[in-house]
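Chain residues, written in single-letter form:
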Amino acid sequence: MKTPFYLMVFKTFHAQRNQIRKDMESYELSPGQPKVLRYVLGNENCMLKDIAEACDVECATVSRILTSLEEKKNVDTYN
């Protein structure tokens, strides 16, 4: 029986995500943090709403991620 295309895409997505998560663990990053870090590193002096819009998440989520990253000394935020 031939494997449906959608199932191959689904399995590929999950295999890639699982591989990326292993790398994230070595840097002590949780899901969502790499995307926020990437945006912040490329956009100095950005606002919370800009990060949320670019990452397609709520401002509260970005705030929580930034707080966690700041506690780990991965970013410095300025009020």
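Residues numbered from 1 in each chain as written. Predicted model: local features only at pLDDT ≥ 70, side-chain atom pairs only at ≥ 80, totals over all residues. Heavy atoms only, no water.

1. A look at helix α4 (residues 59-71)
Item 1. Its 13 residues place the ends of α4 18 Å apart at the C-alpha level, agreeing with the 18 Å of an ideal helix rising 1.5 Å per residue.
Item 2. Turning to α4, its buried residues number three or more, namely Val62, Ile65, Leu66 and Leu69. In a view along the axis of α4, the buried residues occupy a sector of 100 degrees, so they form one face of it. Along α4, exposed side chains directed more than 90 degrees from the buried face belong to Arg64 and Glu71.
Item 3. Looking at the buried side of α4, the elements it contacts are α2 (33-42) and α3 (48-55).
Item 4. Looking at the residues trailing α4, positive phi occurs at Lys73, about 65 degrees. (Helix = DSSP H or I, 4+ residues; strand = E, 2+ residues; numbered from the N terminus. Expected span 1.5 Å × (residues − 1). Buried < 20%, exposed > 50% of the residue type's maximum accessible area, 1.4 Å probe, protein only. Arc of directions from axis to C-beta. Contact = heavy atoms within 4.5 Å.)

2. Description of the nonpolar core
Item 1. Core analysis: the largest hydrophobic core is formed by 12 residues, namely Met24, Leu29, Val36, Leu37, Ile51, Ala52, Cys55, Val62, Ile65, Leu66, Leu69 and Val75.
Item 2. Among the elements of the structure, α2, α3 and α4 are those that each provide at least two residues to this core.
Item 3. When residues of this core are assigned to their parent elements, the largest contribution, four residues, is made by α4.
Item 4. With residues near it in sequence (within four places) discarded, Val62 still touches Leu48, Ile51, Ala52 and Val57. (Core = buried A, V, L, I, M, F, W, Y, C linked by side-chain atoms within 4.5 Å.)

3. Some remarks on the packing of α2 against α3
Item 1. In contact at an axis separation of 10 Å, α2 and α3 are set at 125 degrees when each is read in the N-to-C sense. Comparing their axes, α3 and α2 come out oblique. In terms of crossing hand, the pair formed by α2 and α3 is right-handed. Of the residues in α3, those touching α2 at Lys35, Val36, Tyr39 and Val40 are Asp50, Ile51, Ala54 and Cys55.
Item 2. Of the residues assigned to the contact of α2 with α3, the class counts are six nonpolar, no polar and two charged. (Axes fitted to C-alpha atoms, helices over the stretch in contact; angles between N-to-C directions. Parallel < 35°, antiparallel > 145°, perpendicular 65-115°, else oblique. Left-handed = near helix turned anticlockwise from the far one by under 90°. Nonpolar A, V, L, I, M, F, W, Y, C, P; charged D, E, K, R; others polar.)

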